[in-house]
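Given next are the chains, with one letter for each unit.
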Amino acid sequence: MEKIYDVAALGELLIDFAMDGKSEQGNNKFEACPGGAPCNVLAILGKLGKKTAFLGKVGNDQFGKLLKETIEEVGIESKGLRMDDEIPTTLAFVHTFPDGDRDFSFYRKPGADMMLREDEIDYDIIRQAKIFHLGTLSMTDEPVRSATKKALEVAKEAGCLISFDPNLRPPLWSSLELAKEMMEYGFGYCDILKISDNEIQFVSGKEDYDEGIRYLQEKYQIPLILLTMGKDGSRAYYKEMRVERPGYSVKAIETTGAGDTFCGSSLNGILERDFENLTEEDLGEILSFANAAAALITTKKGAIRSMPEKEEVEQLLTK
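Residues numbered from 1 in each chain as written. Predicted model: local features only at pLDDT ≥ 70, side-chain atom pairs only at ≥ 80, totals over all residues. Heavy atoms only, no water.

Quick notes on the packing of helix 9 (residues 280–297) against helix 10 (residues 310–318)
Argument step 1. Relative to each other, helix 9 and helix 10 sit at 110 degrees, their axes nearing to 9 Å. Classified by the interaxial angle, the pair formed by helix 9 and helix 10 is roughly perpendicular. Only K310, E312, V313, E314, L316 and L317 of helix 10 make contact with helix 9, whose side of the interface consists of S288, F289, A292, A293, A295 and L296.
Argument step 2. By residue class, the composition of the contact of helix 9 with helix 10 is 8 nonpolar, 1 polar and 3 charged. (Axes fitted to C-alpha atoms, helices over the stretch in contact; angles between N-to-C directions. Helix = DSSP H or I, 4+ residues; strand = E, 2+ residues; numbered from the N terminus. Parallel < 35°, antiparallel > 145°, perpendicular 65-115°, else oblique. Contact = heavy atoms within 4.5 Å. Nonpolar A, V, L, I, M, F, W, Y, C, P; charged D, E, K, R; others polar.)

As structure tokens, then:
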């Protein structure tokens, strides 16, 4: 099949309610920001001129309709999005701390994104993509877990590069053992792994990042591992190489979507190069661009609608 999409992603599409100060009465105010990691990844790819498609499910309610309109507005192909008449759209309330870090309250027992079934996936969208991207939130519960596993098999058969960001959210799992098991399931399939500092410690049981990555490389033979370390920047591990680039300091207001922006920017860099023969210089350029884009998203609320322009990223890179 002809590869008409650069990246197709499967997973959760939801509303992130971000804190927006207090009302005159002293009540917390929240802003309804369209979000969900896989679509955040696609949103930055769209800004960078790539063609993307999303597979997932939202409720046939006001939030679901808002999400569908939003992804269409930012240029993400929505024909793989299903609407559920019974189950409402998943909601996440993001509580931000003074240092910009956050905590989540999820309304997802169940949420529509968990209800995607195998027979509702448009597998041709996956077959038509160069890269298939996913996380673990589509593996917390059935039926979406089986749907995700089937989608992965189709992607592998179709010769897609598989990109995986575990995006661990402990409150959404019945147990951390299951979370670890599903992360490991993803490791077994992926060509590109984006993993954060706390996730690598969680899954490898090793304090030292390099040791944790080595454990993953030896066990799963993942060609490219991208490690994010928050404001300290990121590292790429590819073949025998280990490349590190520093982060960019900006005035962060909240970190929602930073990892996804990093991930999408990295995929953009990979699409523009030969994945089989990346050089140290290639990896350095990919990391620097992704670090800068991720820093910029932290200066705004929300993710899908707040992605930086390519020029803004390049400006930060030259500072």
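Remarks on the pattern of salt bridges
Argument step 1. Within the structure shown, the criterion is met by 19 salt bridges.
Argument step 2. Linking R235 and E244 is a salt bridge whose minimum nitrogen-to-oxygen distance equals 2.9 Å.
Argument step 3. Among the charged side chains, a network of salt bridges with common partners joins K57, D84, R117, D119 and E120. (Salt bridge = Lys/Arg side-chain N within 4 Å of Asp/Glu carboxyl O.)

Focus on the packing of aromatic side chains
Argument step 1. Under the criterion given, the structure shown has 9 aromatic pairs.
Argument step 2. A ring pair is formed by F17 and F93, whose centres lie 4.6 Å apart and whose planes are at 10 degrees; its orientation type is stacked. Placement of the pair is F17 in strand 2 (residues 14–22) and F93 in strand 6 (residues 91–96), with a sequence separation of 76 residues.
Argument step 3. Three or more aromatic residues joined by ring pairs make a cluster, and in this case those are F17, F30, F63, F93 and Y107.
Argument step 4. When the ring centre of Y185 is taken as reference, the NZ or CZ atom of K149 above it lies at 4.6 Å. (Phe/Tyr/Trp six-rings, centres within 6.5 Å; stacked < 30°, edge-to-face > 60°. Lys NZ or Arg CZ within 6 Å of the ring centre and 35° of its normal.)

A short note on the environment of T318
Argument step 1. Structurally, the position occupied by T318 is in helix 10.
Argument step 2. On the basis of relative accessibility, which here comes to 66%, the residue T318 falls in the exposed class.
Argument step 3. For T318 and R117, which are 201 residues apart along the polypeptide, the C-alpha to C-alpha distance reads 46 Å. (Buried < 20%, exposed > 50% of the residue type's maximum accessible area, 1.4 Å probe, protein only.)

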